[in-house]
2 protein chains.
Amino acid sequence: MPPFDVPEGDPFGPHNLPYGVFSLPGSDDRRVGVRLGDHVLDAGAAAAALGSPYVSLLARPSLNPLLAAGRTAWSDVRRALTGWVTVPSHREIIEPLFHPLSAVTLHLPFEVADYVDFYASENHARNVGRMFRPDAADSLTPNWKHLPIGYHGRSGTVVVSGTDVVRPSGQRKAASDPAPVFGPSVRLDIEAEVGFVVGAPSRRGEPVALADFREHVFGLCLLNDWSARDIQAWEYVPLGPFLGKSFATSVSAWITPLDALESALVTPPERTHPLLPYLDDTDDEPGGYDLRISVAVNGHVVSEPPFSTMYWTAAQQLAHMTVNGASLRTGDLYGSGTVSGPSEHERGSLLELTWNGRDALELPDGKRTFLEDGDVVTLTAWAPGPDGVRVGLGEVTGRVVPSASRPGSHPAPH
Amino acid sequence: MPPFDVPEGDPFGPHNLPYGVFSLPGSDDRRVGVRLGDHVLDAGAAAAALGSPYVSLLARPSLNPLLAAGRTAWSDVRRALTGWVTVPSHREIIEPLFHPLSAVTLHLPFEVADYVDFYASENHARNVGRMFRPDAADSLTPNWKHLPIGYHGRSGTVVVSGTDVVRPSGQRKAASDPAPVFGPSVRLDIEAEVGFVVGAPSRRGEPVALADFREHVFGLCLLNDWSARDIQAWEYVPLGPFLGKSFATSVSAWITPLDALESALVTPPERTHPLLPYLDDTDDEPGGYDLRISVAVNGHVVSEPPFSTMYWTAAQQLAHMTVNGASLRTGDLYGSGTVSGPSEHERGSLLELTWNGRDALELPDGKRTFLEDGDVVTLTAWAPGPDGVRVGLGEVTGRVVPSASRPGSHPAPH
């Protein structure tokens, strides 16, 4: 089906137009692409062919120049692109610049500057609290309802969907172990999240207000924050997660611009605690996004986390992240934290789905508590779009491959 | 004093030769520079003038190409440079390429990829434990002697020595506060650290062994990990430090190559717990560095932390950071953690020096518990060099400037 004739109702129709970076077989030449149906448009070539001034933003090997250009440029480029792929008079020029998705290689679409991960689902935080602090009066820590808890992750190991994930090795210590042992993680997990991509930078010392969210954030993508629960449990007190997370974080190859998600805006859950002014969105436009996520292991759907249930919004996270004067750079990425809804089938991690390994999931190919070598995890999602059409998000998928054995490593004793 | 005639015994003599990046007045043209005495050599211009093949590594606006070139190139370039600044026949060509330090602007010498901060001083960790967990049986957490605890920080706010630091605002909550309050930090602190700069990258999934430390790490510098103790205390459970640290981290303008510090290698403190093989340096060459640090507030020395007392070495930190398969990139920076010696005058933070604000320091300009606006903090250090000559480290200095007031901010109530 030629791209101009993408079927009505296709979640990657001209109402969507996410951005990525692709190369053609046998070439290292990376180009900005825009997805339409099952095709990718060579956006720089299209700009050049049509004499568009946006060629300087689009004929590039990464999204960074477009990201850095700011909100007005983002909207203008999107308007131009919409015309290129829908106005019939462009058809003859544009159509040869599409490539079937199956024929291209997709790359990490931008250079990740800093990577921050939040912890913004109340359901997830309460599940974790109930599992690991069963005697606490409140399953949330005292700060949880006052600020979006976050921490910095490793930006150098953010990888694009489709990249294999090597099972990490590290130290762990069960309560019954007299000393820590070393070996491949035996509790490898996923975290289904949404990632937000910063385009326009900010200056050090100048906080970004809630209302300026759309001036700085270009778009979003699905994100899998792979987690080794055994490594994390032993290392994380007192300075937080480190090696339990830093081995890999997968993001979709497609960044969906916020402009494509206007119909998906929703009011976040009711705030149960008064918020300090810099976080108070009570009188603002809705700041949540209604994204319906699906988590599949080896093609079998194990969970459907609803992003609309997140307590903290991306705008609040951005305001919090910068309130101390920390500056933003083009390419900063921040994850929402694991998305978990209130019901059992809506939990965004195996940790919660199996209640810390107690209740195995029954998959067609056997039981699972945590991930086995060879398992393929795939996150997909869609959002309500204009006129009842869905907006598809790019999938994020990854296969677990065995830990490389090497001199000095100890076999795992359990 | 012309640079060829730098006085014998100068800590920045030809035995040192640290690298930085400078520009001349009225120019944005950044160049790699090498410090000799009170002068900086335009290294790229020198390479060009002498027809050296290293012009491609040195005639660049940052150290990144040199960092990426790897250990053999680092040693070769250093050997060449040593010749350029010491062999009398080069004098006529080289001498005009020196600029007085006082006439140049120094810049952040490399593009920081990921920034990790460790917690490797046993004295520091025990002091913190005694202050904040006074009832604990052990002032160290159970993992402390088994792995070098670390976490990722914000690389986008790493700044070069001399950059002003804006006092951060944020949430804090004293035990007596019914709810968190917002305002400029009232417990702004320093952490005297040493930063290690990664040059040669590694591949994802492939740990870097202890023995390969020098193949990947180019050099070191002083580092001040500015910390807002009040913000940190309220936010850091359960995911670690975030806004309490992310507003600024200062590094020296000069990176001292490991090759200049051969005479400073020392055996680290005796290990009290058996180490897993990937961390076990018992039979290795000494992995500690004897760096004598000095911390001054407004020119008054308040502490002299000895780096030789660090329990975990930089090689162990690198092996740990990558043992899960996390890859290294050129420009990765990792901090040692606050350097504190066993005695009171050797503590690397005001938190410890004032015992959490209980015992004010007496400075010539008044008492200090934490930092006041206008305070200038300067870290300096030296190491034993060849033939009893000192190797100077570049200083790291920064002045605290007031928090910018802005709409929506609440005045600090205490």
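Residues numbered from 1 in each chain as written. Chains lettered and ligands numbered in written order. Predicted model: local features only at pLDDT ≥ 70, side-chain atom pairs only at ≥ 80, totals over all residues. Heavy atoms only, no water.

### Concerning the pattern of salt bridges
Residues and elements named next belong to chain A. Which entries qualify depends on this criterion: Between Lys or Arg on one side and Asp or Glu on the other, a salt bridge is scored when a side-chain nitrogen of the former is within 4 Å of a carboxyl oxygen of the latter. Three exposure classes are used, based on accessible area relative to the maximum for each residue type with a 1.4 Å probe and protein chains only: buried under 20%, partly exposed in between, and exposed over 50%. The secondary structure listing takes helices from DSSP runs of H or I that are at least 4 residues long and strands from runs of E that are at least 2 residues long, numbered from the N terminus.
Inspection of the entire model under this criterion finds 54 salt bridges over all chains. Here Arg203 makes a salt bridge to Glu206, at a shortest N to O gap of 3.2 Å. For Arg203, a relative accessible area of 59% gives the class exposed. In this structure Glu206 comes out as partly exposed when scored by relative accessible area, which is 40%. Close ionic contact of Arg271 with Asp281 constitutes a salt bridge, the shortest N to O distance being 3.3 Å. In this pair, Arg271 sits in the loop between strand S18 (265-266) and strand S19 (288-289) while Asp281 sits in the loop between S18 and S19, placing the two residues 10 residues apart along the sequence. Taking relative accessible area as the criterion, Arg271 reaches 19% and is therefore assigned buried. Taken together, the shared-partner salt bridges connect Asp189, Glu191, Asp225, Arg229 and Lys245 into one network.

### Points about the UniProt feature "domain: Fumarylacetoacetase-like C-terminal" (unreviewed entry) in chain A
We apply this condition: UniProt positions are given in the numbering used here, feature names are shortened, and annotations may be inferred rather than shown by experiment.
In the numbering used here, UniProt assigns the "domain: Fumarylacetoacetase-like C-terminal" (unreviewed entry) feature to residues 116-401 of chain A. Along residues 116-401 of chain A, the helical share is 12% and the strand share 31%, with 26 Å between the first and last C-alpha atoms.

### Things to note about a negative patch on the surface
Put simply, the rule is: Like charges within 9 Å and nonpolar side chains (Val, Leu, Ile, Met, Phe, Trp, Tyr) within 5 Å are joined into patches, using only residues over 30% in relative accessible area that form no salt bridge. Only the protein chains shown count as covering a residue, and every accessible area follows the Shrake-Rupley method with a 1.4 Å probe. Under the counting rule used here, the positive set is Lys and Arg, the negative set is Asp and Glu, and His together with the chain ends is not counted. In this description, the location of a charge corresponds to atom NZ of lysine, CZ of arginine, CG of aspartate or CD of glutamate.
Judged by side-chain charge, Asp280, Asp283, Asp284 and Glu285 of chain A come together as a negatively charged surface patch. Mapped onto the elements, Asp284 of chain A comes out in the loop between S18 and S19.

### Examining the sheet that holds strand S3 (residues 39-42) of chain B
Residue and element names in this part refer to chain B. What counts here: Strands are labelled as partners when DSSP assigns at least two bridges between them. Angles shown run from 0 to 180 degrees and are taken between the N-to-C directions of axes, each axis being a line fitted to C-alpha atoms and, for helices, limited to the stretch in contact. Should any heavy atoms of two residues lie within 4.5 Å, those residues are counted as being in contact.
Ordered in space as S4-S3-S2-S1-S5, the five strands form an open sheet in which the pairing is antiparallel. Pairing within the sheet leaves two strands with one partner each, and these edge strands are strand S4 (98-100) and strand S5 (105-107). The average undirected angle you get between the axes of adjacent strands in this sheet is 45°. The pairing of strand S1 (residues 19-23) with strand S2 (residues 31-36) spans four bridges and is antiparallel. Across the sheet, Gly20 pairs through a bridge with Gly33, a residue of S2. Strand contacts of helix H4 (residues 71-86): S1, S2, S3 and S4, with the helix running at about 60° to S1, the strand carrying the most contacts.

### Focus on the interface of chain B and chain A
Under the convention used in this document: Here's the idea: put two parts together, see how much 1.4 Å probe accessible area each one loses, and the total over both is what we call buried area.
Listed per partner, the contact involves 63 residues of chain B and 63 residues of chain A. Here chain B meets chain A over a buried area of about 5700 Å², counting both sides, of which 61% is carbon and sulfur. Linking chain B with chain A are two salt bridges. Notably, a salt bridge pairs Asp332 of chain A with Arg154 of chain B, separated by 3.0 Å at the nearest N-O pair.

### Some thoughts on the UniProt feature "domain: Fumarylacetoacetase N-terminal" (unreviewed entry) in chain A
Using the residue numbers shown here, the UniProt feature "domain: Fumarylacetoacetase N-terminal" (unreviewed entry) corresponds to residues 15-109 of chain A. A distance of 20 Å separates the end C-alpha atoms of residues 15-109 of chain A, which is 39% helix and 22% strand.

### Remarks on the side chain of Thr163 of chain A
Quick note on the threshold: Here a polar contact is taken to be a pair of N or O atoms separated by no more than 3.5 Å, where protein atoms must pair a possible hydrogen donor with a possible acceptor and residues adjacent in sequence count only if both atoms sit in side chains.
With respect to the secondary-structure elements, Thr163 of chain A resides in the loop between strand S8 (158-160) and strand S9 (165-166). Thr163 of chain A gets classed as buried once you look at its relative accessible area, which sits at 18%. A distance of 2.6 Å separates a polar side-chain atom of Thr163 of chain A from the backbone oxygen of Val160 of chain A. Setting aside residues no more than four positions away along its own chain, Thr163 of chain A makes contact with Thr397, Gly398 and Arg399 of chain A together with Arg204 of chain B.

### Considerations on the relation of the copies chain B and chain A
Spelled out, the test is: The superposition of copies rests on a least-squares fit of C-alpha positions from residues with pLDDT of 70 or more in both.
With an RMSD of 0.0 Å, the fit of chain B onto chain A corresponds to turning through 180° and sliding 0.0 Å along the axis. In the structure described here, the two chain copies are related by an operation that fits a two-fold rotation axis. No C-alpha of chain B lies nearer the rotation axis than that of Gly240 of chain B, which sits 2.0 Å from it. In this assembly the copies share their binding face: 100% of the residues contributing to the interface of chain B also contribute to that of chain A.

### Thoughts on the pairing of strand S13 (residues 192-198) of chain B
All names here are of chain B. Counting buried positions over the seven residues of S13 gives seven, a clear majority of the element. Every second residue of S13 is oriented toward a common face, with Ala192, Val194, Phe196 and Val198 on one face and Glu193, Gly195 and Val197 on the other, all of them buried. Pairing geometry for S13 and strand S14 (residues 217-224), over seven bridges, is antiparallel. For Gly195, the partnering residue across the bridge sits in S14 and is Cys221. Sheet topology note: the S13/strand S22 (residues 333-335) ladder contains three bridges and is antiparallel. Opposite Phe196, over in S22, you have Tyr334 as the bridge partner.

### Some details on the side chain of Thr313 of chain A
Looking at the element boundaries, Thr313 of chain A is found in the loop between strand S21 (300-303) and helix H9 (314-322). Residues within four places of Thr313 of chain A in sequence aside, it is in contact with Pro268, Arg271, Asp281, Gly287 and Gly288 of chain A.

### Considering the packing of aromatic side chains
Quick note on the threshold: Aromatic pairing here means that ring centres of Phe, Tyr or Trp (its six-membered ring) are within 6.5 Å. Orientation follows from the plane angle: under 30 degrees is stacked, over 60 is edge-to-face, and everything else is tilted. A ring has a charge above it when a Lys NZ or an Arg CZ is no more than 6 Å from the ring centre and no more than 35 degrees off the ring normal.
Within the structure shown, the criterion is met by 20 aromatic pairs over all chains. Residues Phe182 of chain A and Tyr278 of chain B carry aromatic rings whose centres are separated by 5.0 Å and whose planes lie at 40° to one another, so their mutual orientation is tilted. Here the residue Phe182 of chain A occupies a position in strand S11 (residues 181-184), and Tyr278 of chain B occupies one in the loop between strand S18 (265-266) and strand S19 (288-289), the pair thus bridging two chains. Residue Phe182 of chain A is classed as buried on the basis of its relative accessible area, which comes to 3%. Aromatic ring contacts, followed pair by pair, group Phe118, Phe196, Phe213, Phe307 and Tyr334 of chain A together with Phe242 of chain B into a single cluster. Its end group placed over the ring of Phe12 of chain A, Arg35 of chain A keeps NZ or CZ at 3.5 Å from the ring centre.

### Thoughts on the domain arrangement of chain A
Frequently, the measure chosen for interface size is the accessible area removed from exposure when the parts meet. Residue and element names in this part refer to chain A. This is how it is decided: The split into domains, and so the bounds of each, comes from an automatic or database assignment of domains.
Splitting chain A by domain gives domain 1 (3-107) and domain 2 (115-401). Here the C-alpha centroids of domain 1 and domain 2 sit 29 Å apart. A buried area of about 2100 Å², summed over both sides, lies between domain 1 and domain 2, and 67% of it is on carbon and sulfur atoms. Scanning the region where domain 1 abuts domain 2 turns up one salt bridge. Between Arg71 and Asp259 there is a salt bridge, with its nearest N and O atoms 3.1 Å apart. Summed over the shared surface of domain 1 and domain 2, the result is eight residue pairs in polar contact (both at pLDDT 80 or more). Secondary-structure elements contributing two or more residues to the side of domain 1 that touches domain 2 are strand S1 (19-23), strand S2 (31-36), helix H3 (64-69), helix H4 (71-86) and strand S5 (105-107).

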